[in-house]
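# Topology and contacts: notes
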Amino acid sequence: MLRRVPMVHECARPGCDTLTMGELCLDHERESEATVRRRVKRLLPRLATASALVAAAAAGALIKSRLLR
Ligand SMILES: [Zn+2]
């Protein structure tokens, strides 16, 4: 029975010829993780604001519907 050997290929980043078994080499993997973390950090306050607005709108609608009864 043949043993499966993981495919080793070049990193997906243009200009990077580091061999890897994943999509990106270790350096670029870390780099993209850091980028995602930075993006999430930047987006979180906006998400919090958006959900606060939705909550306020929902509360407003609830109050309005009770007042109209
Ligand atoms: Zn790379």
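A few words on the overall build of the protein chain. Across its full length, the protein chain holds one helix and two strands. Reading the secondary structure of the protein chain in the N-to-C direction produces β-β-α. Taken over the C-alpha trace, the protein chain has a radius of gyration of 24 Å; the compact-globule value for 69 residues is 11 Å, which it surpasses by more than 25%. Principal axes of the C-alpha set define a box for the protein chain whose edges measure 75 × 35 × 15 Å. Residues counted as buried form 0% of the 69 residues belonging to the protein chain.

By secondary structure assignment, the location of methionine 21 is in the loop between strand E2 (19–20) and helix H1 (26–67). Once the C-alpha coordinates of methionine 21 and glutamate 33 are considered, the two residues, 12 residues apart in sequence, prove to be 17 Å apart.

In this section: H1. A turn of α-helix holds 3.6 residues, and therefore any two residues three or four places apart point the same way. Taking 1.5 Å as the rise per residue, H1 with 42 residues should run 62 Å; its terminal C-alpha atoms sit 60 Å apart, in good agreement. The sharpest bend along H1 comes to roughly 30°, located at leucine 43, with the proline proline 45 sitting one to four residues further on. Of all 42 residues making up H1, only zero are buried, and the element is barely covered by its neighbours.

Reading guide: rules and limits
Within any chain, residue numbers begin from 1 and follow the written order of that chain's sequence. Side-chain atom pairs in this predicted model are given and counted only at pLDDT of 80 or more, local residue features only at pLDDT of at least 70, and totals for whole chains, interfaces and linings cover all residues. Labels follow the DSSP assignment, with helices taken as runs of H or I lasting at least four residues and strands as runs of E lasting at least two, numbered in each case from the N terminus. C-alpha atoms define the radius of gyration in this analysis, and the globule rule sets the expected value at 2.2 Å times the number of residues to the power 0.38. Three classes are used. A residue is buried when 20 or more other C-beta atoms lie within 10 Å of its own, exposed when 12 or fewer do, and partly exposed in between, with C-beta atoms placed from the backbone. To estimate how far a helix should extend, the number of its residues minus one is multiplied by 1.5 Å. Fitting axes to the seven residues ending at a residue and to the seven starting there, one defines the bend at that residue as the angle between these axes.

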